[in-house]
Amino acid sequence: MAVTSRIVRAPRGTTLSSKGWPQEAALRMLHNNLDPEVAERPDELIVYGGTGKAARSWPAFDAIVQTLRRLERDETLLVQSGKPVGVFKTHEWAPRVLIANALLVPAWATWEKFWEYEAKGLTMYGQMTAGSWIYIGTQGILQGTYETFAAVARKHFRGSLRGRLVLTAGLGGMGGAQPLAVTMNEGTALVVEVDRARAERRLRQRFLDEIATSLDDALQRSRGAGARSIAIIGNAAEIFPELVRRGVRIDVVTDQTSAHDPLRGYVPKGLSIAESRELADRDPDEHVRRARESMAEQCRAIVALQRDRAVAFDYGNNLRGQAKEGGFADAFAYPGFVPAYIRPLFGEGRGPFRWVALSGDASDILETDRAVLELFPEDEILARWIKLAEERVPFQGLPARVCWLGYGERAIFGERIDELVRTNRLKAPIVIGRDHLDAGSVASPFRETEAMKDGSDAIADWPILNALVNTAAGATWVSVHHGGGVGIGYSLHAGMVAVAEGTPLSREKLSRVLTTDPGTGVMRHADAGYDEAIETARAKGIDLPGITS
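Residues numbered from 1 in each chain as written. Predicted model: local features only at pLDDT ≥ 70, side-chain atom pairs only at ≥ 80, totals over all residues. Heavy atoms only, no water.

1. Observations regarding helix 6 (residues 196–204)
Worth spelling out the cut-off: Here the term buried applies to any residue with accessible area under 20% of the maximum for its type, exposed to any over 50%, and partly exposed to those in between, with areas from a 1.4 Å probe on protein chains only. The secondary structure listing takes helices from DSSP runs of H or I that are at least 4 residues long and strands from runs of E that are at least 2 residues long, numbered from the N terminus. The directions from the helix axis to the C-beta atoms are what the arc is built from. Contacts are residue-level and defined by heavy atoms, with any inter-residue pair within 4.5 Å sufficient. Any pair of nitrogen or oxygen atoms within 3.5 Å is treated as a polar contact; in protein, a donor-acceptor pairing is required on top of that, and neighbouring residues in sequence qualify only through side-chain atoms on both sides.
Where helix 6 is concerned, the buried positions are A199, R201 and R202. The buried residues of helix 6 all sit within an arc of 160° when viewed along its axis, so they share a single face. The secondary structure elements touched by the buried residues of helix 6 are strand 7 (188–193), strand 8 (210–211) and strand 9 (228–233). Of the residues that open helix 6, the one with a side-chain oxygen 3.0 Å from the backbone nitrogen of A197 is D195.

And the structure:
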């Protein structure tokens, strides 16, 4: 039930109001996920990704907050799909919170069953970082999006998108990163968004440069625009085919609408947003049918653009899968972004490492920026990203940063952050986490594990092992989710968070967790036969019996 007057903001500063910093960190990050600067629809507890929530209901949210405030350093809170259900005596090395979101027995793991249980108040959709309380706003996906478009530029356009027109859709929590990621790679972005309010929000936040008045206006603005992003207000299922009909030359095409959710995430063509919501409430089956048919239209246009020499890739929202359900048999004619551009990085245990200043002071993040550059001076991509992020990426909610680091690098940097806290160079502890879009924490056959070398795309043991070993290694909180990114039935994934408190215990925990976590990525890809992962394991001395022995 929506509570339209409720505003949640993350507590800031150095005052410790709970039983310890780990509990305080969880409390502040839960609030931060729902800060109006961060969340898409905070009154409904929705953080991003259609219906990705931080808690199941407002009473559940209040109960989580009250429990965290009384939780002892040797107790663990259990959260079942956004509702606190138990506190047990454990020990200081155990996580303070363990979270499971939207897990269903496999034969019941469909959107239809999920919606049935959700309507009964039994579960919620946690997306990836919404229900695990480590969402940091658009920056969280921005660097991965930037890295992906940089890889596209290197592979197809001699290292830059300069002079290239990139077509995409969606300006929500994930898609909102696209316009800035394209312009950071010197390209021109044409972004279709059905919700004007989302486009205007991205404009205010400086992730988007301008909003066109019409398709003709957008095309006129895009000519010779240079590094510029332009939004078109409309439905991608209508505008993408129209661009094909007009024969507009598109260089790169992708999509980041909430296509993973055909009931609440994607607006069928011919309907306004209000009409879409009304139909979803009145006749869910009809809405899903029409949404999938519209996705088929959009996907068909992407394939047509690809045949007209555009570089096309799926950006992990399951548009292809839904389009195939909607009747487009050739929906998988173009690849997903992970096998096309990212998988070699996963083999090295590289992925999105993110950290948040609990003080709320941006100077703490700038201090950590200097530290990461000092630690890895040879990493030119990292240096370029940090510089661009400081210049062009606004903070949303608590100040935060994200960058891609590999096996070994994460532990080194985590320990340096802990030292900065210990020596009072930072005003308060730092929360360290990552996206679930990572090397070893996801089983997602249409995204992270698409087209695995050994055919193990749907093997879901790996994220469970990731969660278990991170729990054993001393993470502050650990989560296991179902359906993030691509929708119910299509993925299982795990998240972890650790707090740099500046104490001997937190330093030891960080050293272990920031080794086990990326280590599972190397393990998973070595087991699948990737040479990069096998070589990384041998070079770093990772013990992988039965794989590299």
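Moving on from the model shown.
2. Examining the packing of helix 4 (residues 139–156) against helix 14 (residues 380–392)
Rules: For every element, the axis is a line fit to its C-alpha atoms; helices are fit only across the contacting stretch, and the angle between N-to-C directions ranges from 0 to 180 degrees. Roughly parallel means an angle under 35 degrees; roughly antiparallel, over 145; roughly perpendicular, 65 to 115; everything else is oblique. Take the far helix as the reference: if the near one is turned anticlockwise from it by less than a right angle, the crossing is left-handed, and if turned clockwise, right-handed.
The geometry of helix 4 relative to helix 14 is characterised by a closest axis approach of 12 Å and an angle of 130° between their N-to-C directions. In terms of orientation, helix 4 and helix 14 fall into the oblique class. Here the hand of the crossing between helix 4 and helix 14 comes out right-handed. Packed against helix 4, whose contacting residues are Q139, L142, Q143, Y146, E147 and R154, the element helix 14 presents I381, R384, W385 and L388 at the interface.

3. Some words on the pairing of strand 4 (residues 83–89)
Heads up, the rule is: Only when DSSP finds a minimum of two bridges between them are two strands counted as paired.
Note: strand 3 (residues 75–80) against strand 4, six bridges, orientation antiparallel. By the bridge assignment, Q80 is partnered in strand 4 with K83. What sits between strand 3 and strand 4 in their antiparallel hairpin is a turn of two residues, with S81 showing a positive phi close to 45°.

4. Observations regarding the environment of W462
With respect to the helices and strands, W462 occurs in helix 16 (residues 461–473). On the basis of relative accessible area, W462 is assigned to the buried category, the value being 11%. For the pair W462 and V442, spaced 20 residues apart in sequence, the C-alpha to C-alpha distance is 7.0 Å. The residues contacting W462, other than those within four sequence positions of it, are G440, M523, R524 and D527.

5. Digging into the sheet that holds strand 9
Across the sheet, which stays open at both edges, the six strands sit in the order 8-9-7-6-10-11 with parallel pairing between neighbours. Each having just a single partner strand, strand 8 and strand 11 (311–312) make up the two edges of the open sheet. The pairing of strand 6 (residues 165–169) with strand 7 spans five bridges and is classified as parallel. Looking across to strand 7, one finds that V166 is bridged to A189. Contacts from helix 7 (residues 215–222) reach strand 6, strand 7, strand 8 and strand 9, with the element oriented near 175° to strand 9. Sitting on the sheet, helix 8 (residues 236–246) touches strand 6, strand 7, strand 9 and strand 10 (252–253), and the angle it makes with strand 6 is about 155°.

6. Thoughts on the side chain of N32
Turning to its location among the elements, N32 is positioned in helix 1 (residues 21–33). A distance of 2.7 Å separates a polar side-chain atom of N32 from the backbone nitrogen of L398. If we ignore the near neighbours within four places in the chain, the residues touching N32 are A10, V38, Y135, G397 and L398.

7. Quick look at the pattern of salt bridges
Two side chains carrying opposite charge are able to pair once their charged atoms lie near each other. The line we're drawing: A carboxyl oxygen of Asp or Glu within 4 Å of a side-chain nitrogen of Lys or Arg is what we treat as a salt bridge.
For the coordinates displayed, the defined rule picks out 46 salt bridges. With a closest N to O distance of 2.7 Å, D281 and R264 form a salt bridge. Remark: R264 occurs in the loop between strand 10 and helix 9 (273–282) and D281 occurs in helix 9; sequence separation between them is 17 residues.

8. Things to note about the pairing of strand 3
Remark: a regular strand shows side chains that alternate across the two faces of the sheet. Note: strand 3 against strand 5 (residues 97–101), four bridges, orientation parallel. Note on strand 5: the bridge partner recorded for Q80 is A100.

9. Details of the nonpolar core
Cut-off, in case you're wondering: Within this scheme, the nonpolar core is defined by two criteria: the residues are buried Ala, Val, Leu, Ile, Met, Phe, Trp, Tyr or Cys, and they are joined through side-chain atoms within 4.5 Å.
In terms of nonpolar packing, the biggest core is built from 112 residues, with W133 and W385 touching the most fellow members. Among the elements that line this core, the one with the most residues is helix 4, at seven residues. Leave out the neighbours within four places in its chain, and W385 touches Q139, L142, Q143, Y146, M184, V393, R401, V402 and C403. Among the nonpolar cores identified, the runner-up in size contains 36 residues, and I230, V253, V303 and A310 belong to it.

10. Remarks on the packing of aromatic side chains
Selection rule: Working definition: a ring pair exists when centres of Phe, Tyr or Trp rings (six-membered ring for Trp) sit within 6.5 Å. Plane angles under 30 degrees give stacked, over 60 give edge-to-face, the rest tilted.
Here the structure, examined in full by the defined rule, presents 18 aromatic pairs. Their ring planes at 80° and their centres at 5.7 Å tell us that W111 and F114 sit as a pair that is edge-to-face. Residue W111 and its partner F114 are located together in helix 3 (residues 111–119), separated by three residues, close to a single helical turn. Comparing W111 with F114 shows no difference in burial state: the two are buried. Taking the centre distance of 5.6 Å and the plane angle of 80° together, the rings of F313 and Y341 count as edge-to-face. Here Y341 lies in helix 12 (residues 337–347) and F313 lies in the loop between strand 11 and helix 11 (319–325), a separation of 28 residues in the sequence.

11. Some thoughts on the packing of helix 9 against helix 10 (residues 284–307)
Heads up, the rule is: Only Asp, Glu, Lys and Arg are considered charged, only Ala, Val, Leu, Ile, Met, Phe, Trp, Tyr, Cys and Pro nonpolar, and every remaining residue, Gly among them, polar.
Where helix 9 meets helix 10, the axes come as close as 5 Å, and the angle between the chain directions of the two elements is 130°. Put simply, helix 9 runs oblique to helix 10. Taken together, the residues of helix 10 that come into contact with helix 9 (itself represented by S276, L279, A280, D281 and R282) are P284, E286, H287 and R290. Grouping the amino acids of the contact of helix 9 with helix 10 by side-chain chemistry returns three nonpolar, two polar and four charged.

12. Section: the environment of R354
Looking at where R354 falls in the secondary structure, it is placed in strand 12 (residues 351–357). There is a polar contact of 2.8 Å between the side chain of R354 and the backbone oxygen of I134. Within the structure, the side chain of R354 is placed 3.1 Å from the backbone oxygen of G140, a separation counted as a polar contact.

13. Remarks on helix 1
Put simply, the rule is: Here, expected helix span is obtained from the residue count minus one, scaled by 1.5 Å.
With 13 residues, helix 1 should cover 18 Å at 1.5 Å per step; its first-to-last C-alpha distance of 18 Å lies within 8% of that length. Most of helix 1 is tucked away: 13 of the 13 residues are buried.

14. A closer look at the side chain of T476
Along the chain, T476 falls in the loop between helix 16 and strand 16 (477–482). Apart from the residues lying within four places of it in its own chain, the contact partners of T476 are P22, P95, R96, V97, V497, A498 and V499.

15. A look at a nonpolar patch on the surface
Just so we agree on the cut-off: To count toward a patch, a residue needs a relative accessible area above 30% and no salt bridge. Like charges then connect within 9 Å, nonpolar side chains (Val, Leu, Ile, Met, Phe, Trp, Tyr) within 5 Å. Note on areas: these come from Shrake-Rupley sampling with a 1.4 Å probe, and a residue is covered only by the protein chains present in the view.
Residues I464, L465 and L468 make up a contiguous nonpolar surface patch of about 260 Å² in total accessible area. Relative to the assigned elements, L468 resides in helix 16. You can call L468 exposed: its relative accessible area is 54%.

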